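A structural walkthrough
Here are the chains, one letter per residue:
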Amino acid sequence: MEDRKHFVNSLEKLKMMLLNMATMTRRAVENANQAFQDRNEGLAQAVIDGDHAINDLEVQIDNISLKLLALEQPMARDLRFIIGAMRISNDLERIADQAVNVAERTLFLCQHPPLDPIPAMEQLMEVTGDMLDRAIKSFVEEDPKQAISIREMDDTADHWTMVVLQTLIENMVQNTPEGEKRLVNTRRSVQTIIASRCLERVGDLSTNIGEHVAFIVTGMNVKHQKIAF
Amino acid sequence: MENAQKFSARNLDFYYGDVKALDDISITIGKNQVTALIGPSGCGKSTFLRCLNRMNDLIPGTRVQGLIHLDGEDIYAPKVDVVNLRRRVGMVFQKPNPFPKTIFENVAYGLRVNGIKDKKSLRQQVEKSLHQAALWEEVKDRLNGSALGLSGGQQQRLCIARALAVEPDVLLMDEPASALDPIATQKIEDLIHELKKNFTIIIVTHSMQQAARVSDITAFFYMGKLIETGDTETVFTRPSLQQTEDYITGRFG
């Protein structure tokens, strides 16, 4: 039997598109975080403007995957890869949407004086960024162990999200002056809480990507199960 | 495997003269299951199929070593009545091969060979078999017409009816749909799903999709060896061995 060169090339193309999308998504998250910390409106706007390219890639990956499923009737790992590619691109797109959301909060916050620095927010950015990095790396290296290990970081992400929430609740309840300033302070706090929730979602979706990678490599569905490799 | 064992092969070797075509095959085939044998041309899957009702005995210079048990009995034991074995283990071939007789006579043929003469019994059994082969509605008004006037797909279902008429336990199918168009193929595949309620079916197919669609168990043969056997779903989604993966994903050679 001949090697399925055309098909194998198509799978390779799909993988490259997915990596491209992953890189763009990672950059969007990084830039959104940077814009948030530096109160950089230009960078925040760039994240928002760049989202359509990621959306386009998701549609392209869907189309290619559908075509390969229909025309090539893939089996085994090829089948798992294509299904995994569709799931991963869907999660990447949602991660990019979270980055856009953080960027939008940043644009709002830039209109007002800054809050005091919140160290937990930085920690949250770091851990969720690491989770996304690890998800992408596990995909590149086809490493299910690394992919599954992302789950362990999720508790840390949840912890820092909670610390951000508590810090800002305290800020709103205890330290706000009366009148207009109170309103502004509450708005700033709420927008920051929303941004922290977005980052927490980045962590969750990165965990999902890790589970998709484990499925592609091992064929095992590890969702909602404690499985170690 | 939950189903009771129907066939069991143990350390089976098969030779065409000096050429070893099957090498140490051990497999258990469950009752009322569809088992698909897959693998590239020359891998031994059809040879193995023909071992199951001793069709290879008809080829000069062939030799079998090892054991095949049907319902616990050695089918290669000297006392075995091969004609009776082939009645219990019917076969359908790649190309439909109806006899140049009427539709009725094609189905009644095996019954007459078995000595059934009573017209009513013959008629009942022919009708039952044509129903089982999902052909009755299409031919009930022309049972005395020539079988050769049927379409390819109908002829193949007639051959299945002919095999079923003698009430076998097992049906061996050697690429039964490879000469048929997609609609006729679909009918054969639907029929296989129906027939497994009452029969054990072993099918050789070159179509991986067909194996995936119709079978419960898939066995992958390569160069005379049985490489991997497992639930069809598992074999086609996450096979255990790289060789199986390479074959079913088309990366062989």
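The coordinates are above.
Let me begin by describing the structure that accompanies this report. The residue count restarts for each chain, going from 1 along the sequence in the order it is written. Just so you know, chain letters begin at A and ligand numbers begin at 1, following the order they were written in. Per-residue local features of the predicted model are confined to residues with pLDDT of at least 70, and side-chain atom pairs are confined, for both listing and counting, to 80 or more; whole-chain, interface and lining totals are unaffected and use all residues. Hydrogens are left out, water is left out, and the side-chain values use all remaining heavy atoms of the structure.

**What about the overall build of chain B?**
Helix numbering and strand numbering both begin at the N terminus, where a helix is a DSSP run of H or I of at least 4 residues and a strand a DSSP run of E of at least 2. From N to C terminus, chain B includes 10 helices and 10 strands. Radius of gyration here uses only the C-alpha atoms, and the compact-globule reference equals 2.2 Å multiplied by the residue count raised to the power 0.38. Over its C-alpha atoms chain B spans a radius of gyration of 18 Å, differing by no more than 12% from the 18 Å that the globule rule assigns to 253 residues. Each principal axis of the C-alpha atoms in chain B carries an extent, and together these give about 55 × 45 × 35 Å. For every residue, the accessible area obtained with a 1.4 Å probe (protein chains only) is divided by the maximum for its type, and the residue is called buried under 20%, exposed over 50%, and partly exposed between those limits. Expressed as a percentage of the 253 residues in chain B, the buried residues total 52%. We call two residues in contact whenever any of their non-hydrogen atoms come within 4.5 Å of each other. Pairs at least 24 residues apart make up 68% of the contacts formed inside chain B by residues separated by at least 6 positions.

**Some words on the sheet that holds strand β6 (residues 89–92) of chain B**
Residue and element names in this part refer to chain B. Spatially, the 6 strands line up as an open sheet ordered β6-β7-β8-β3-β9-β10, and their pairing is mixed. Every interior strand has two partners, whereas the edge strands, β6 and β10 (225–231), have only one. Taken pair by pair, the neighbouring strands of this sheet meet at an average axis angle of 20 degrees, ignoring direction. For strand β3 (residues 34–38) and strand β8 (residues 200–204), the ladder comprises 4 bridges, and the chain directions are parallel. If you follow Ala-36 over to β8, its bridge partner there is Ile-203. Strand pairing requires that DSSP identify at least two bridges connecting the strands. In this analysis an axis means a line fitted to C-alpha atoms, helices contributing only their contacting stretch, and an angle means the value between N-to-C directions, from 0 to 180 degrees.

**Concerning the interface of chain B and chain A**
Listed per partner, the contact involves 15 residues of chain B and 16 residues of chain A. Here the quantity called buried area is the total loss of accessible area, with a 1.4 Å probe, experienced by two parts when brought into contact, counted for both. Between chain B and chain A, a total of about 1200 Å² is buried, with carbon and sulfur atoms accounting for 53% of that surface. Salt bridges are defined by distance alone: a side-chain nitrogen of Lys or Arg within 4 Å of a carboxyl oxygen of Asp or Glu. Where chain B packs against chain A, one counts 1 salt bridge. Definition of a polar contact: a pair of N or O atoms within 3.5 Å, with one able to donate and the other able to accept a hydrogen when the atoms are protein atoms, and with sequence-neighbouring residues admitted only if both atoms are side-chain atoms. Between the two partners, chain B and chain A, sit 8 residue pairs in polar contact (both at pLDDT 80 or more). Only α8 (208–214), α9 (232–237) and α10 (242–248) of chain B provide two or more residues apiece to the side of chain B that touches chain A. For the side of chain B that touches chain A, the class distribution of residues is 7 nonpolar, 5 polar and 3 charged. Charged means Asp, Glu, Lys or Arg here, nonpolar means Ala, Val, Leu, Ile, Met, Phe, Trp, Tyr, Cys or Pro, and polar covers whatever is left, Gly included.

**Structural notes on the pattern of salt bridges**
Residues and elements named next belong to chain B. Counted by the stated rule, this structure contains 26 salt bridges over all chains. Across the salt bridge formed by Arg-88 and Asp-169, the nearest N and O atoms sit 3.5 Å from each other. One end of the pair, Arg-88, is in helix α2 (residues 82–88); the other, Asp-169, is in the loop between α6 (152–165) and β7 (170–174), and 81 residues separate them in sequence. Overall, Asp-169 belongs to the partly exposed group, its relative accessible area being 27%. The salt bridge partner of Arg-112 is Glu-105, with a shortest N-O separation of 2.6 Å. Owing to a relative accessible area of 39%, Arg-112 belongs among the partly exposed residues under this scheme.

**Some words on the state of the cysteines**
Criterion for a disulfide: a pair of cysteine sulfur atoms at a distance within 2.5 Å. What the rule picks out here adds up to 0 disulfides over all chains. Cys198(A) supplies the cysteine sulfur nearest to Cys110(A), a cysteine that is in no disulfide, at a spacing of 16 Å.

**A look at the sheet that holds strand β2 (residues 19–30) of chain B**
Strand pairs in the sheet, formed through backbone hydrogen bonds, run parallel or antiparallel to each other. Residues and elements named next belong to chain B. Strand order in the open sheet made by the 4 strands is β2-β1-β4-β5, with antiparallel pairing throughout. Only two strands of the sheet have a single partner each, and these edge strands are β2 and β5 (73–74). Relative to β2, strand β1 (residues 5–16) runs antiparallel, the two being bridged by 8 bridges. Bridge pairing in β2 links Gln-5 to Gly-30.

**Observations concerning unusual backbone geometry**
All names here are of chain B. You will see that Asn-11, though not glycine, has its phi angle at about 50 degrees, which is positive. Locating Asn-11 in the fold gives a position in strand β1. In the Ramachandran plot, Arg-54 falls in the positive-phi region, its phi being about 55 degrees despite a non-glycine side chain. Residue Arg-54 is classed as buried on the basis of its relative accessible area of 13%.

So yeah, pure geometry; function would need other evidence.
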